[in-house]
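Close look at the chain arrangement
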There are 2 protein chains.
Amino acid sequence: MAAQTDFTQRLAALAARVEAALADAIDGSAGGRAPARLIAAMRHGALGGGKRLRPFLVIESAALFGAGEATAMRAALALECIHCYSLVHDDLPAMDDDMERRGRPTVHVAYDEATAILAGDGLLTLAFGILAESDGLSASARLALVSRLASDAGTAGMVGGQALDLSAEGVAELPEAEIVSMQAMKTGALIAFAAEAGAILAEAPAEDRRRLREFGEVIGLAFQLADDLLDETAEAAALGKAAGKDRRRGKKTLPALHGIDWTRRRLAELVDEAEALLAPYGAKADTLREAARFVANRRS
Amino acid sequence: MAAQTDFTQRLAALAARVEAALADAIDGSAGGRAPARLIAAMRHGALGGGKRLRPFLVIESAALFGAGEATAMRAALALECIHCYSLVHDDLPAMDDDMERRGRPTVHVAYDEATAILAGDGLLTLAFGILAESDGLSASARLALVSRLASDAGTAGMVGGQALDLSAEGVAELPEAEIVSMQAMKTGALIAFAAEAGAILAEAPAEDRRRLREFGEVIGLAFQLADDLLDETAEAAALGKAAGKDRRRGKKTLPALHGIDWTRRRLAELVDEAEALLAPYGAKADTLREAARFVANRRS
């Protein structure tokens, strides 16, 4: 319990630093040339909440290989820009049509649809600018991050997974393997990137890079399972968004297929797998171990 | 006349090669994992037409500094991905609400809005992956291209210009300086990137890079003026899209402010400026000179 409290405090402290750095990156991106409304919409979509789990994983994974927060921060910010743009676009009326996120109106509700589309495009574009200008990293590390993020955020990853998810809505009998594969792309790819990015930017050996990638994939699965479990069980107030909406939309989830007890057992297995992958790093990886437990056990 | 015919043949021949390479890049991006419908929508948005002027400028600008088409092609493709994504998103109902482009239904009409949003996101993301994996270029050239493209395509460039354009719709008395500045961001930044990118990837000296950038800015102005002139004068059939729509929407253009004769004189001045910028390169820059005249005099 004490460890978990310490963990959540560290997560919250990092989230505050990420928030400030993201605000600076967004404000600085336009050189004063873009309309204030666009910048405000980007801030609305990217700031004001979020656990900043993906930046935390970047920074803790980098720390495992000796790279400090200052070195890892820009990769963390770039990833968070991608994550936030995807939320802005996913919330649009033509996509999930969500009115609320993190207890506030979504960007197209607070502004308008056109501004939300452009704010998402702006955040997506900014991510790659941030990576290219990561001063503390070697050119080869920066290029590897750009290349890997383009793959994980694009048609082979998040965007492709989102398209699969849309095409599966209302399909009566989606095979479980297809649900898992879609979720691995839609949600898992960015979490896997988070863990791998730390190893990339710290220029860790290829074997470590693969191992962190796998760790990220495992906790990405746990993240999605925990998310689906919350959607089944939580109150809207605790989530800051509508609960039960996946079920109402006919979205297929593993908790809906197998039940809550199965899901909790599976989450425990995934935590074991994640910890096993970190075994070679001993006590240095304790924070990442706690992150795995946090992801599996989160209540919001 | 003969020169211009030769020029249009070269442009068309390059367009065919760009078309094939873009198709390969889009098909390869998903590693077979994304739904066929998403890939088909990206192909619809990026293939089947377009003069490929921006790729042509990248490749001819690179040639000026001794870099061949094979070396320059990936930067050209990346830029075209950005251009095409911007058309897909701009055509959306919440933005310009266009039903037709290049004589065919727009992506959200041929598919659906959600798929069009994702197809645009996919093309935008792919652009940076293509740049990062430009095998023939040095790491520093690739990073400079990523950084510059993120700036020119983002809130300080194209996305910011589009937001300014939307916010100006229906404003009765938009100052001329604001029209010019908005257009320089919305349309000019990518054309300026095209010319500068050739100098970047060929690792030309900073002075040449600045000169090509300025050349790109000048022909970007000419491109927009010629576009606005066409909107005032052309038939829809020649454009493959609705004509006169800017005026109907209350969009402010310089031809609408100053008339057609003024616009033709201004276009001739811009061609002179563009040619003056190319003076140091002598006959080697003849194709870029023809490109400047082509941009200013185009009829579709």
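Residues numbered from 1 in each chain as written. Chains lettered and ligands numbered in written order. Predicted model: local features only at pLDDT ≥ 70, side-chain atom pairs only at ≥ 80, totals over all residues. Heavy atoms only, no water.

- Per an unreviewed UniProt entry, chain A carries the name Polyprenyl synthetase family protein and comes from Antarcticirhabdus aurantiaca.

**Overview of the overall build of chain A**
- A tally of regular secondary structure across chain A gives 15 helices and 2 strands.
- Taken over the C-alpha trace, chain A has a radius of gyration of 18 Å; the compact-globule value for 300 residues is 19 Å, and the two agree within 12%.
- Each principal axis of the C-alpha distribution contributes one length, and for chain A these read about 50 × 50 × 35 Å.
- Taken across its 300 residues, chain A has 58% of its residues classed as buried.
- Within chain A, residue pairs in contact and separated by at least 24 positions form 74% of the contacts whose partners lie at least 6 positions apart.
- Looking at chain A as shown, the accessible area adds up to about 11,100 Å², and 51% of this sits on carbon and sulfur atoms.
- Between the centroid of the 34 positive side chains of chain A and the centroid of its 43 negative side chains there is a distance of 2 Å. (Helix = DSSP H or I, 4+ residues; strand = E, 2+ residues; numbered from the N terminus. Rg over C-alpha atoms; globule rule 2.2 N^0.38 Å. Buried < 20%, exposed > 50% of the residue type's maximum accessible area, 1.4 Å probe, protein only. Contact = heavy atoms within 4.5 Å. Areas by Shrake-Rupley, 256 points an atom, 1.4 Å probe, with all protein chains shown as cover. Lys, Arg positive; Asp, Glu negative; His and termini not counted. Charge placed at Lys NZ, Arg CZ, Asp CG, Glu CD.)

**Brief notes about the interface of chain B and chain A**
- With 42 residues of chain B in contact, the opposing surface of chain A contributes 42 residues.
- Interface area for chain B against chain A, summed over the two sides, is near 3,600 Å², with a carbon-plus-sulfur share of 76%.
- Taken together, chain B and chain A are joined by 0 salt bridges.
- Between the two partners, chain B and chain A, sit 8 residue pairs in polar contact (both at pLDDT 80 or more).
- Put simply, the parts of the chain that give the side of chain B that touches chain A at least two residues each are helix 2 (36–46), helix 4 (69–90), helix 6 (113–132), helix 7 (139–153) and helix 8 (158–168) of chain B.
- Looking at which element gives the most residues to the side of chain B that touches chain A, the answer is helix 6 of chain B, with 11 residues. (Buried area = accessible area lost by both parts, 1.4 Å probe. Salt bridge = Lys/Arg side-chain N within 4 Å of Asp/Glu carboxyl O. Polar contact = N/O pair within 3.5 Å; in protein donor to acceptor, adjacent residues only side chain to side chain.)

**Examining the relation of the copies chain B and chain A**
- At an RMSD of 0.0 Å, chain B and chain A line up after a rotation of 180° and a shift of 0.0 Å along the axis. Classification of the inter-copy transformation places it as that of a two-fold axis. Taking C-alpha positions as the reference, the residue of chain B nearest the rotation axis is A139 of chain B, at 3.0 Å. (Least-squares fit on C-alpha atoms with pLDDT ≥ 70 in both.)

**What to know about the nonpolar core**
- The biggest cluster of nonpolar side chains holds 203 residues, and the ones touching the most others in it are I82 and F215 of chain A together with I82 and F215 of chain B.
- The residues contacting F215 of chain B, other than those within four sequence positions of it, are A195, A274, L277, L278, L288 and A292 of chain B. (Core = buried A, V, L, I, M, F, W, Y, C linked by side-chain atoms within 4.5 Å.)

**Concerning helix 7 of chain B**
- Along its 15 residues, helix 7 of chain B runs 21 Å from first to last C-alpha, staying within 8% of the 21 Å computed at 1.5 Å per residue.
- Of all the positions in helix 7 of chain B, only A141, R142, L143, L145, V146, S147, L149, A150, D152 and A153 of chain B are classed as buried. (Expected span 1.5 Å × (residues − 1).)

**Some words on the packing of aromatic side chains**
Residues and elements named next belong to chain A.
- This model, assessed by the stated rule, comprises 7 aromatic pairs over all chains.
- When the centroid spacing of 5.2 Å and the interplanar angle of 50° are considered together, the rings of F7 and F294 count as tilted. Taken together, the residues span a long stretch of sequence, with F7 in helix 1 (residues 2–29) and F294 in helix 15 (residues 286–297) at a distance of 287 residues.
- Judged by centre distance (5.7 Å) and plane angle (85°), the ring pair of F65 and Y281 falls under edge-to-face. Here Y281 lies in the loop between helix 14 (260–277) and helix 15 and F65 lies in the loop between helix 3 (53–64) and helix 4 (69–90), a separation of 216 residues in the sequence.
- Here the aromatic cluster, defined as three or more aromatic residues joined through ring pairs, consists of F7, F56 and F294. (Phe/Tyr/Trp six-rings, centres within 6.5 Å; stacked < 30°, edge-to-face > 60°.)

**Brief notes about the side chain of R298 of chain A**
Residue and element names in this part refer to chain A.
- Within the fold, R298 resides in the segment after helix 15.
- A polar contact is formed between the side chain of R298 and the backbone oxygen of F223, at a distance of 3.3 Å.
- Polar contacts involving the side chain of R298 include one to the side chain of D227, which spans 3.1 Å.
- Here R298 is in contact with K51, F223, A226, D227 and L230, once residues within four sequence places are set aside.

**So, the side chain of E80 of chain B**
Residues and elements named next belong to chain B.
- Along the chain, E80 turns up in helix 4.
- With relative accessibility at 1%, the residue E80 sits in the buried group.
- What E80 contacts, discounting residues up to four positions off in sequence, is L22, R52, R54 and P55.

**Quick notes on the environment of E169 of chain A**
All names here are of chain A.
- Examined against the element boundaries, E169 turns out to sit in the loop between helix 8 (158–168) and helix 9 (176–201).
- Residue E169 is classed as partly exposed on the basis of its relative accessible area, which comes to 31%.
- Measuring from C-alpha to C-alpha, the distance between E169 and Y85 comes to 22 Å, with 84 residues separating the pair along the chain.

**Some remarks on helix 2 (residues 36–46) of chain A**
- Of the residues making up helix 2 of chain A, those classed as buried are L38, I39, A41, M42, H44, G45 and A46 of chain A.
- At the exit of helix 2 of chain A stands G48 of chain A, carrying a positive phi of roughly 80°.

**Digging into the packing of helix 4 of chain A against helix 6 (residues 113–132) of chain A**
All names here are of chain A.
- Orientation of helix 4 relative to helix 6, taken along the N-to-C sense of each, is 165°, at an axis distance of 8 Å. For the element pair helix 4 / helix 6, the angle class is roughly antiparallel. As helix 4 packs across helix 6, the resulting crossing turns out to be left-handed. Residues R74, A75, L77, A78, C81, I82, C84, Y85, V88 and H89 of helix 4 form the contact with helix 6, whose own contacting residues are A116, I117, G120, D121, L123, L124, L126, A127, F128, G129, I130 and L131.
- Partitioned by chemical class, the residues of the contact of helix 4 with helix 6 number 17 nonpolar, 3 polar and 2 charged. (Axes fitted to C-alpha atoms, helices over the stretch in contact; angles between N-to-C directions. Parallel < 35°, antiparallel > 145°, perpendicular 65-115°, else oblique. Left-handed = near helix turned anticlockwise from the far one by under 90°. Nonpolar A, V, L, I, M, F, W, Y, C, P; charged D, E, K, R; others polar.)

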